[in-house]
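Remarks on the overall topology
Below, each chain spelled out in residue letters.
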Amino acid sequence: MVLEYGVSASGVAAGWSGYFVSFLQHMGIDFPAAFANAPITGHGIHDLHWTGAIVNMPAVALIVGLTTLLVVGVSESARFNNVMVLVKVGIVLLVILFGLPFVTQAHFTPFIPPNTGQYGHFGITGILAGAGIVFFAFIGFEAVSVAAQECKNARRDLPIGILGSLVICSVLYILIAIVLIGIADWRTLDVPDPVSFAVGKIPALKWLVQWVNVAAMAGLGTVVFTSLYGQTRVFYSMARDGFLPPAFSAVHKRFHTPHRGTIIIGAVAALLAALFPFDVLADLVSIGTLLAFLAVCTGIMILRVTAPRAVRKFKTPWVWFTAPAGIFVCGVMMYSLSDGTWARLGVWTAIGLIIYFVYGIRHAAPSKWKVTNET
């Protein structure tokens, strides 16, 4: 869960920094590169090296600002988040509406570029590898579930929130992908700011470039906000159950938020964002998220057998199809990720097990270790 929320917040903040610098450049302001890039980079942990940069200050500033909002209170933070969502969705719709007339059908041929002979480089295996990475964009949807205790009617509101946002955003994802590929050759889109880059290729749409940068900053900002929020609530629940120290469940007397845990998580996330670029963190986030989903699907089936009469406020429909299908899909995407990613996942899991056996197993509340049948 730390990979899914905390580390992803750091990675997205690092990506947000690139759009922020691009925005300033269009305003005629040159931000020092040494303070806008990660000092450590590399395609994997095995080849990390120094870049010459000092620290990614915009990424740090974003996380510090959002952490402050989370400490102040959820209602205030939610209002800020709603504004950013409106901004990014509005600009995305503008790009789709104004970009569709300029779509060139020839850019979609071949629809599936042939494999280069290496697993994951285009072709069918490239689709699978790409799906494993794109999965990173879907962690925000189930993050709504960690707010169950703060919903007025969680049983009704959570499914509507998760499934409704999933459908809407998936449609927007597909449409914006069609527009980008349609107005620019896909071979040219491997850049830090692909949306504004593609839009800028059309003279009639250059007026949209700066608005796209604004939307990207707002959009990535909401992702960081959601990730930090989810991480603080996950740790809050774990601390209440005794799996983590009580500092993570301490609630501020005035703001009524888990302030200590929020500050600790924000500080760690800011440190990672300051030092590492997105690509170093993204693989771990993807495989960690897929593993978490796979574990949930497995756990649901186990509980349906061991505790079939347990009280369930949320019940998965068609469980013997839904859960195995989830395991299969997540497993295929995990398999498509690199060997180095699997190795790093093993190291990360080992660290988690150490924390569990050193602290969690000694302090966990026994009454919450299992789900029992209704008597």
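Residues numbered from 1 in each chain as written. Predicted model: local features only at pLDDT ≥ 70, side-chain atom pairs only at ≥ 80, totals over all residues. Heavy atoms only, no water.

Some points on helix α9 (residues 259–275)
Under the convention used in this document: The way it works is that DSSP assigns letters per residue, a run of H or I at least four long becomes a helix, a run of E at least two long becomes a strand, and they are numbered from the N terminus. Here a helix's expected span is defined as the number of its residues, less one, multiplied by 1.5 Å. Relative accessibility decides the category of a residue: with a 1.4 Å probe and only protein chains considered, values under 20% of the type maximum give buried, values over 50% give exposed, and everything between is partly exposed. We call two residues contacting when some pair of their heavy atoms lies within 4.5 Å.
Between its terminal C-alpha atoms α9 stretches 24 Å, which fits the 24 Å expected from 17 residues at 1.5 Å a residue. Every buried residue belonging to α9 is among His259, Gly261, Thr262, Ile265, Gly266, Ala269, Ala270, Ala273 and Ala274, and all of these are buried. Packing partners of the buried residues in α9 comprise α1 (3–26), α2 (57–72) and α8 (209–240).

Re the side chain of Asn213
The line we're drawing: For the purposes of these results, a polar contact is taken to be a pair of N or O atoms within 3.5 Å, where, inside protein, one atom must be able to donate a hydrogen and its partner to accept one; residues adjacent in sequence count only when each atom of the pair is a side-chain atom.
Turning to its location among the elements, Asn213 is positioned in helix α8. One polar contact links Asn213 to Gln210, side chain to side chain, over a distance of 3.1 Å. Sequence-distant contacts of Asn213, defined by excluding residues within four places in its chain, comprise Tyr19, Ser22, Phe23, His26 and Ser196.

What about a nonpolar patch on the surface?
What counts here: Note that patches include only residues with greater than 30% relative accessible area and no salt bridge, and the join distances are 9 Å for like charges and 5 Å for nonpolar side chains (Val, Leu, Ile, Met, Phe, Trp, Tyr). All accessibility values rest on the Shrake-Rupley procedure with a 1.4 Å probe; residue burial counts only the protein chains present in the view. Criterion for a salt bridge: a side-chain nitrogen of Lys or Arg within 4 Å of a carboxyl oxygen of Asp or Glu.
Residues Leu100, Val167, Val171, Tyr173, Ile174, Leu175 and Ile178 make up a contiguous nonpolar surface patch of about 570 Å² in total accessible area. Here Leu100 lies in the loop between α3 (74–99) and α4 (123–134). With relative accessibility at 40%, the residue Leu100 sits in the partly exposed group.

Here we look at the environment of Phe197
Mapping Phe197 onto the fold places it in helix α7 (residues 194–200). It is 9.3 Å that separates the C-alpha atoms of Phe197 and Leu180, two residues lying 17 residues apart in sequence. Among residues more than four places away in sequence, those in contact with Phe197 are Thr188, Leu189 and Val191.

Some details on the packing of aromatic side chains
Worth spelling out the cut-off: Aromatic rings from Phe, Tyr and Trp, taking only the six-membered ring of Trp, are treated as a pair when their centres fall within 6.5 Å; an angle between ring planes under 30 degrees marks them as stacked, one over 60 as edge-to-face, and anything in between as tilted.
Tallied over the entire structure, the rule returns nine aromatic pairs. Taking 5.3 Å as the distance between ring centres and 65° as the angle between the ring planes, the aromatic pair formed by Phe122 and Trp186 counts as edge-to-face. One end of the pair, Phe122, is in the loop between α3 and α4; the other, Trp186, is in the loop between α6 (154–183) and α7, and 64 residues separate them in sequence. Its relative accessible area of 27% is what places Trp186 among the partly exposed residues.

Digging into the packing of α1 against α2
We count it as follows: Lines fitted to C-alpha atoms define the axes here, with helix axes fitted over just the stretch in contact, and angles between the N-to-C directions of these axes take values from 0 to 180 degrees. Angular relationships are summarised with four words: roughly parallel below 35 degrees, roughly antiparallel beyond 145, roughly perpendicular across 65 to 115, and oblique for the angles in between. Crossing handedness is defined as follows: a turn of the near helix away from the far one that is anticlockwise and smaller than a right angle gives a left-handed crossing, while the clockwise case is right-handed. Under the convention adopted here, Pro, Cys and the residues Ala, Val, Leu, Ile, Met, Phe, Trp and Tyr are nonpolar, Asp, Glu, Lys and Arg are charged, and Gly plus all remaining residues are polar.
Two numbers describe how α1 lies on α2: the axes approach to 8 Å, and their chain directions differ by 120°. On the basis of their axis angle, the class for α1 and α2 is oblique. The two elements α1 and α2 meet at a crossing, and its hand is right-handed. Within the contact between the two elements, α1 uses Ala9, Ser10, Ala13, Ala14, Trp16, Ser17 and Phe20 and α2 uses Pro58, Ala59, Leu62 and Ile63. In terms of residue class, the contact of α1 with α2 is built from nine nonpolar, two polar and no charged.

Digging into the nonpolar core
Soluble, globular proteins show a tendency: their nonpolar side chains are buried together. Operational definition: Within this scheme, the nonpolar core is defined by two criteria: the residues are buried Ala, Val, Leu, Ile, Met, Phe, Trp, Tyr or Cys, and they are joined through side-chain atoms within 4.5 Å.
In terms of nonpolar packing, the biggest core is built from 48 residues, with Ala13, Ile63, Val224, Leu228 and Leu290 touching the most fellow members. When contributions to this core are tallied by element, the ones reaching two or more residues are α1, α2, α8, α9, α10 (278–306) and α11 (319–335). Examining the composition of this core, we find that ten residues originate from one element, α1, more than from any other. Once residues within four sequence positions are removed from consideration, Leu228 is found in contact with Ala9, Ile63, Leu66, Thr67, Leu70, Ile265 and Ala269. Counting residues in hydrophobic clusters, the runner-up holds 19 residues, among them Ala184, Leu189, Val195 and Ala198.

That is the geometry; function is a separate question.
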